[in-house]
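Chain by chain, the residues run as shown.
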Amino acid sequence: MKLEQALHAARALVLADLAAGEVAQADIVSLVEDSIAHRRWWVEQWPEGAAYLAGLVAQDVQDALLERYGRWPLCPVCTEGGDLHALDVEPELGPDPHWVCGKTAVSVARVGALGTV
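To start, this report covers the structure provided alongside it. (Residues numbered from 1 in each chain as written. Predicted model: local features only at pLDDT ≥ 70, side-chain atom pairs only at ≥ 80, totals over all residues. Heavy atoms only, no water.)

## Some thoughts on the overall build of the chain
To be explicit about the condition: Where helices and strands are cited, they refer to DSSP runs of H or I of at least four residues and of E of at least two residues respectively, numbered from the N terminus. A radius of gyration in this sense is built from C-alpha atoms; the matching globule rule multiplies 2.2 Å by the number of residues raised to 0.38.
Counting secondary structure elements, the chain contains 3 helices and 3 strands. Helices (α) and strands (β) of the chain occur, in sequence order from the N terminus, as α-α-α-β-β-β. A globule of 117 residues ought to have a C-alpha radius of gyration of about 13 Å, and the chain, at 14 Å, matches this closely. When its C-alpha atoms are laid out on the principal axes, the chain stretches across 45 × 30 × 25 Å.

Dropping the structure here:
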């Protein structure tokens, strides 16, 4: 049951961030579902990794979006100069993941809370 709760929580957090950026179209939501399916197997092999699911799913979706559509989520900190770049998930493998500007090291929001920025 804890595995299912962790997977549902990770899905909900990433979907909230996609919705905040107004990019939660059906084909993009499918990328979330693909990541959840992959991470389900991963966390079944390593149950202690359940605390890391939100950050990993966010990174999976971010990577899939970069390949198909472009950078996401764009950094709201560095808006001048036309240097558009995506936020990074930190820690890359750890609990309580945040979206962070890689250029300024500013923590923008927790994964799932981009709508509050």
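## Focus on the pattern of salt bridges
To be explicit about the condition: Salt bridges are identified by distance alone: a Lys or Arg side-chain nitrogen within 4 Å of an Asp or Glu carboxyl oxygen. Exposure is judged per residue with a 1.4 Å probe applied to protein chains only, and the accessible area is read against the type maximum: over 50% gives exposed, under 20% gives buried, and values in between give partly exposed.
Enumeration over the complete set of coordinates arrives at 4 salt bridges. Here E33 ties to R11 by a salt bridge, and the two come within 2.9 Å at their closest N and O atoms. Here R11 lies in helix α1 (residues 2–20) and E33 lies in helix α2 (residues 26–45), a separation of 22 residues in the sequence. Given the relative accessible area of 33%, E33 is considered partly exposed. The class of R11 is buried, set by a relative accessible area of 15%. Of the charged contacts in the structure, one is a salt bridge between R39 and D60, with a shortest N-O distance of 2.8 Å. In this pair, R39 sits in helix α2 while D60 sits in helix α3 (residues 53–68), placing the two residues 21 residues apart along the sequence.

## Some words on the packing of α1 against α3
Two numbers describe a pair of packed helices, the interaxial angle and the distance between the axes. As a reminder, the rule being used: Structural elements are reduced to axes, namely lines fitted to C-alpha atoms, with helices fitted over the stretch in contact, and the angle between N-to-C directions of any two is expressed from 0 to 180 degrees. Comment on the angle field: the value is read as roughly parallel under 35 degrees, roughly antiparallel over 145, roughly perpendicular from 65 to 115, and oblique elsewhere. Left-handed describes a crossing whose near helix is turned anticlockwise from the far helix through less than a right angle; right-handed describes the clockwise counterpart. Working rule for contacts: check all heavy atoms of both residues, and any pair within 4.5 Å makes them a contact.
Orientation of α1 relative to α3, taken along the N-to-C sense of each, is 45 degrees, at an axis distance of 8 Å. Accordingly, the angle class assigned to the pair α1 and α3 is oblique. In this structure, α1 meets α3 at a crossing whose hand is right-handed. Residues A6, L7, A10, L13, V14 and L18 of α1 form the contact with α3, whose own contacting residues are L53, A54, V57, A58, V61 and L65.

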